[in-house]
Amino acid sequence: MRVLPPGLYAGQANKVIERSALVTRRHWVIVLSGLLEPVFYLLAIQVGFGVLVGTVIGPAGEPIPYEQFVAPALLGAAAMNGAIFETTYPIYFKLRFNKLYDAMLATPLGPYDVAIGEIGWATVRGSFYSLGFVAVMAAMGVLPSTWALLMVPVAALIAFAFASVGMALATYIQSPTQFDYISLVAIPLFLFSTTFYPLSVYPAELQWAVQLSPLYHGIELLRQCAHGVFDWAMFGHVAVLVGLAAVGVIATSRRIGAMLLR
Amino acid sequence: MTEGGVSQPLVSGKALVKRFGDFEAVRGIDIEVNQGEAFGFLGPNGAGKSSTMRMIACVSPRSDGDLRVLGMDPDIDGPRIRARIGVCPQQDNLDTELTVRENLQVYGRFFGLSRAQVREKAVELMEFAQLSDRANAEVESLSGGMKRRLTIARSLVNDPELLLLDEPTTGLDPQARHLLWDRLFRLKQRGVTLIITTHYMDEAEQLCDRLVVMDGGRIVAEGSPSALISRYSSREVLELRFAPGEQAGHEAKVEGLAERVEVLPDRLLLYTANGEAALEQVTARGVRPVSSLVRRSTLEDVFLRLTGRTLVD
């Protein structure tokens, strides 16, 4: 392997985002409908589980209402799912059928512009949904503190991390049936990343496995922000997500370069 | 042109090689394209034309040899070169999620043009491509010829000094081809340097000042279309058509009547300075073809001479 040759990033990733924004502008109804998803989630939790479960131990070590425990986690899960959804099938289509990236690479844009632009757009869109989610939480009265607004940038980081990994994986997909493999990973992440119950529920010898999940780190961050509980462990959680994002961006750019700049 | 050092070639390649694994698509070619020239790569599918084009377009690193485009090395200055060239790929890769106008504007933005510049440029290019009335149409609703014109228009968005066209008219009907040729001719008159790959000899003869014939990854001949024809073919060609399979039997009978005879599946080609005279002699020898035709030599004949094969089959 040769060393990264110069000229793989032209600093024009924003133009790729601009294109996506232009395309999305025509489908704004679909974008708005995406805001309904958190409303459904939160209603289901508040009406059902909240009554059955009562309280759980929160990040500060005190009991909190169940909906306040689970709402930040659902925000994290929605950010992850949205990012994966946004970067897998659409990217596969643009890469294999539309030849969009071939056209982009014939301009001064390089593979890093394509990767950062597409992942960046998935993050922008995810952040927009997160903002809606937090607004709905506030309207439903499940926002524990004003610190909870910090959940928006955290959710953006989660979206960025999973979008970059999603796009990297999308470059390997050769037929639509292979998308099932991605679901095979995403669903357990969604269910077992302390989304619905705290880490302490798991037997001690299984807790490390849960902590391998990047979503776990995202959810912990969100929960701590929601309740305004800050500690040094948060740096570790951020580092996991930033690391994942970096790996995803580099892997995506290399794959696009290897596939299209042959 | 370069001998006096008057102008530097826009593209120069020396011993240029492109390998894909064990397969050598381009096997050490030398090329030089000068300012304002329309340069062609003529050859059958798989001759290495597109691989060469992709190397010049800085989207495919060379495996060996030397390459300079606009005086720069694609391995080092890829983005800077791409900023100054236009590329029309073999297969249209228009943005199907955008309209005709948006395709041009968004592409212009990739080259760093301002919003005001791309708005203006899109209007000008739609005019050039005769697509003004389809400005807000979806790309999918366009005909093949229109898509091709839009792809060419898009490749002009940065006012390129060098335009690369990979089989610009393959798959188009004759009318669409002539319209396209007309547009390319206008570009040439404006001083845009063109590099064209084609497997149509009429296209090469129409558009190219100079061309190389490629076969199996190598350059087998080089020159202007007329020079190639006079060097490798006769002035005229007499075609004698027979029922398939019968042509070979007549080969011996026409011996000596032409400088050279080619045997194709359904006909004999007699290369001679005077086709009509040859036809009289053929008839005098009692050969009765199903039909006969006297025509001028084309690049197709040059190719047949050089490779023993026809270009389009």
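Cut-off values and rules
Residues numbered from 1 in each chain as written. Chains lettered and ligands numbered in written order. Predicted model: local features only at pLDDT ≥ 70, side-chain atom pairs only at ≥ 80, totals over all residues. Heavy atoms only, no water. Helix = DSSP H or I, 4+ residues; strand = E, 2+ residues; numbered from the N terminus. Buried < 20%, exposed > 50% of the residue type's maximum accessible area, 1.4 Å probe, protein only. Contact = heavy atoms within 4.5 Å. Areas by Shrake-Rupley, 256 points an atom, 1.4 Å probe, with all protein chains shown as cover. Domains from an automatic or database assignment. Pairing = 2+ DSSP bridges. 1 Å grid on protein atoms, 1.4 Å probe; cavity = no way out; pocket = protein on both sides within 12 Å on 5 of 7 lines; lining within 4 Å. Points joined across faces, edges and corners; volume = space filled by probe spheres on them. Nonpolar A, V, L, I, M, F, W, Y, C, P; charged D, E, K, R; others polar. Axes fitted to C-alpha atoms, helices over the stretch in contact; angles between N-to-C directions. Parallel < 35°, antiparallel > 145°, perpendicular 65-115°, else oblique. Left-handed = near helix turned anticlockwise from the far one by under 90°. Buried area = accessible area lost by both parts, 1.4 Å probe. Salt bridge = Lys/Arg side-chain N within 4 Å of Asp/Glu carboxyl O. Polar contact = N/O pair within 3.5 Å; in protein donor to acceptor, adjacent residues only side chain to side chain. Core = buried A, V, L, I, M, F, W, Y, C linked by side-chain atoms within 4.5 Å. Phe/Tyr/Trp six-rings, centres within 6.5 Å; stacked < 30°, edge-to-face > 60°.

Engineer: Tell me about the overall build of chain B, and name the residues and values.
Structural biologist: Along chain B, the regular secondary structure elements total ten helices and 13 strands. The buried share of chain B, reckoned over its 313 residues, is 55%. Sequence separation of 24 or more characterises 68% of the internal contacts of chain B that already satisfy a separation of 6 or more. For chain B, the exposed surface amounts to about 13,500 Å²; the carbon and sulfur share of it is 47%.

Engineer: Give me the domain arrangement of chain B: which residues, what numbers.
Structural biologist: Split into domains, chain B comes out as domain 1 (11-223) and domain 2 (234-296). Once you take the C-alpha centre of each, domain 1 of chain B and domain 2 of chain B turn out to be 39 Å apart.

Engineer: Before we move on, can you summarise the pairing of strand β12 (residues 267-272) of chain B with the specific residues and values?
Structural biologist: A large share of β12 of chain B lies buried, amounting to five of its six residues. Taking the residues that link successive antiparallel strands as the turn, the strand β11 (residues 260-264) of chain B-β12 of chain B hairpin has two residues.

Engineer: Please give an account of empty space enclosed by the protein that cites residues and values.
Structural biologist: Applying the stated criterion across every chain, the model contains two cavities of 30 Å³ or more. Lining the largest cavity are 13 residues, and of these L100 of chain A together with D95, N103, Y107 and F110 of chain B lie nearest its centre. Elements represented by at least two residues in the lining of the largest cavity include exactly α6 (100-105) of chain A together with α3 (100-110) of chain B. When residues in the lining of the largest cavity are grouped by element, the largest group, four residues, is from α3 of chain B. Residues belonging to the lining of the largest cavity are distributed by class as follows: eight nonpolar, two polar and three charged. Estimates place the volume of the second largest cavity at around 40 Å³. In terms of lining residues, the second largest cavity is bounded by A106 of chain A together with I85, G86, V87, Y107, F111, S155 and N158 of chain B. In terms of residue count, the dominant contributor to the lining of the second largest cavity is strand β5 (residues 85-88) of chain B (three residues). A per-class count over the lining of the second largest cavity returns five nonpolar, three polar and no charged.

Engineer: Please set out the sheet that holds β12 of chain B residue by residue, giving values where relevant.
Structural biologist: Residues and elements named next belong to chain B. In space, the four strands of this open sheet follow the order β11-β12-β10-β13, with antiparallel pairing throughout. The strands lining the two open edges of the sheet, one partner per strand, are β11 and β13 (291-296). Strand-to-strand twist across the sheet, computed as the mean angle between neighbouring axes with direction ignored, equals 20 degrees. As paired elements, strand β10 (residues 236-241) and β12 share six bridges and run antiparallel to each other. Paired with L240 across the two strands is L268, which belongs to β12. Across the sheet, helix α10 (residues 299-307) lies against β10, β11, β12 and β13, angled at about 90 degrees from β11, the strand it touches most.

Engineer: Explain the packing of helix α1 (residues 13-25) of chain A against α3 of chain B to me, and be specific about the residues and the numbers.
Structural biologist: Here α1 of chain A crosses α3 of chain B at 160 degrees, and the two axes come no closer than 9 Å. By the angle between their directions, the pair α1 of chain A and α3 of chain B is classed as roughly antiparallel. When you trace α1 of chain A past α3 of chain B, the crossing you get is right-handed. Across the interface between the two elements, K15, V16, E18, R19 and L22 of chain A from α1 of chain A touch E102, V106, R109 and F110 of chain B from α3 of chain B. Grouping the amino acids of the contact of α1 of chain A with α3 of chain B by side-chain chemistry returns four nonpolar, no polar and five charged.

Engineer: Residue-level account of the interface of chain A and chain B, with values.
Structural biologist: Contact with chain A, which involves 28 residues of that partner, is made by 29 residues of chain B. The contact between chain A and chain B buries some 2,500 Å² in all, and 53% of this surface belongs to carbon and sulfur atoms. A per-residue breakdown of the area chain A buries against chain B is headed by R26, P108 and R262 of chain A, which together make up 23% of the total. Across the chain A-chain B interface, the total number found is six salt bridges. The residue R109 of chain B makes a salt bridge to E18 of chain A at a minimum N-O spacing of 2.7 Å. The tally of links between chain A and chain B comes to 16 residue pairs in polar contact (both at pLDDT 80 or more).

Engineer: An account of the nonpolar core is requested, with residue identities and associated values reported.
Structural biologist: In globular proteins that are soluble, nonpolar side chains generally tend to be buried together. Residue and element names in this part refer to chain B. Of all hydrophobic cores here, the largest spans 138 residues; its most connected members are V11 and I195. Excluding residues that lie within four positions of it along the chain, I195 makes contacts with V11, V33, F39, F41, M53, I56, L162, L163, L164 and L165. Among the nonpolar cores identified, the runner-up in size contains 13 residues, and L42, C208, V213 and V302 belong to it.

Engineer: Lay out the packing of aromatic side chains with the relevant residues and their values.
Structural biologist: When we look at a pair of aromatic rings, we describe it by the centre distance and by the angle of the planes. Residue and element names in this part refer to chain A. Scanning all chains against the criterion turns up 14 aromatic pairs over all chains. Relative to F230, the ring of W147 has its centre 5.0 Å away and its plane inclined at 75 degrees; by these criteria the two rings are edge-to-face. In this pair, W147 is assigned in the loop between α7 (111-140) and α8 (151-170) and F230 in the loop between α11 (214-227) and α12 (233-260), connecting sequence segments 83 residues apart. Since its relative accessible area comes to 47%, W147 is described here as partly exposed. Residue classification places F230 among the partly exposed positions, given a relative accessible area of 41%. In this structure an aromatic cluster arises from ring pairing among Y89, Y92, F93, F97 and F179.

Engineer: Would you mind going over the sheet that holds strand β7 (residues 193-198) of chain B in detail, with residue names and values included?
Structural biologist: Residue and element names in this part refer to chain B. Read from one edge of the open sheet, six strands run β5-β6-β7-β3-β8-β9, paired in mixed fashion. The two strands at the open ends of the sheet, each matched to only one other strand, are β5 and β9 (218-223). If you compare each strand with its neighbour and ignore which way they point, the axes differ by 15 degrees on average. Note that β5 and strand β6 (residues 162-166) share four bridges and pair parallel. Counted as the bridge partner of I85 is L162 from β6. Contacts from helix α5 (residues 144-155) reach β5 and β6, with the element oriented near 165 degrees to β5.

Engineer: Go over the layout of surface pockets, please, and point to the residues and values.
Structural biologist: All names here are of chain A. Here the largest pocket defines a volume of roughly 870 Å³. Residue lining of the largest pocket: 34 residues in total, with F85, E86, P90, R125 and Y129 positioned closest to the centre. Residue assignment for the lining of the largest pocket shows that the elements contributing at least two residues are α1, α2 (28-33), α3 (36-53), α4 (66-87), α5 (89-96) and α7. Of the residues belonging to the lining of the largest pocket, the class tally is 17 nonpolar, ten polar and seven charged.

Engineer: Account for the pattern of salt bridges, with residues named and values stated.
Structural biologist: Residues and elements named next belong to chain B. Applying the stated criterion across every chain, the model contains 37 salt bridges over all chains. Two residues, R19 and E24, come together in a salt bridge whose shortest N-O distance is 3.3 Å. Note that R241 is salt-bridged to E239, the shortest N-O span being 3.9 Å. On the accessibility criterion, E239 (7% relative accessible area) is buried. In this structure, a network of salt bridges that share partners links the residues E239, R241, D266, R267, R295 and D301.

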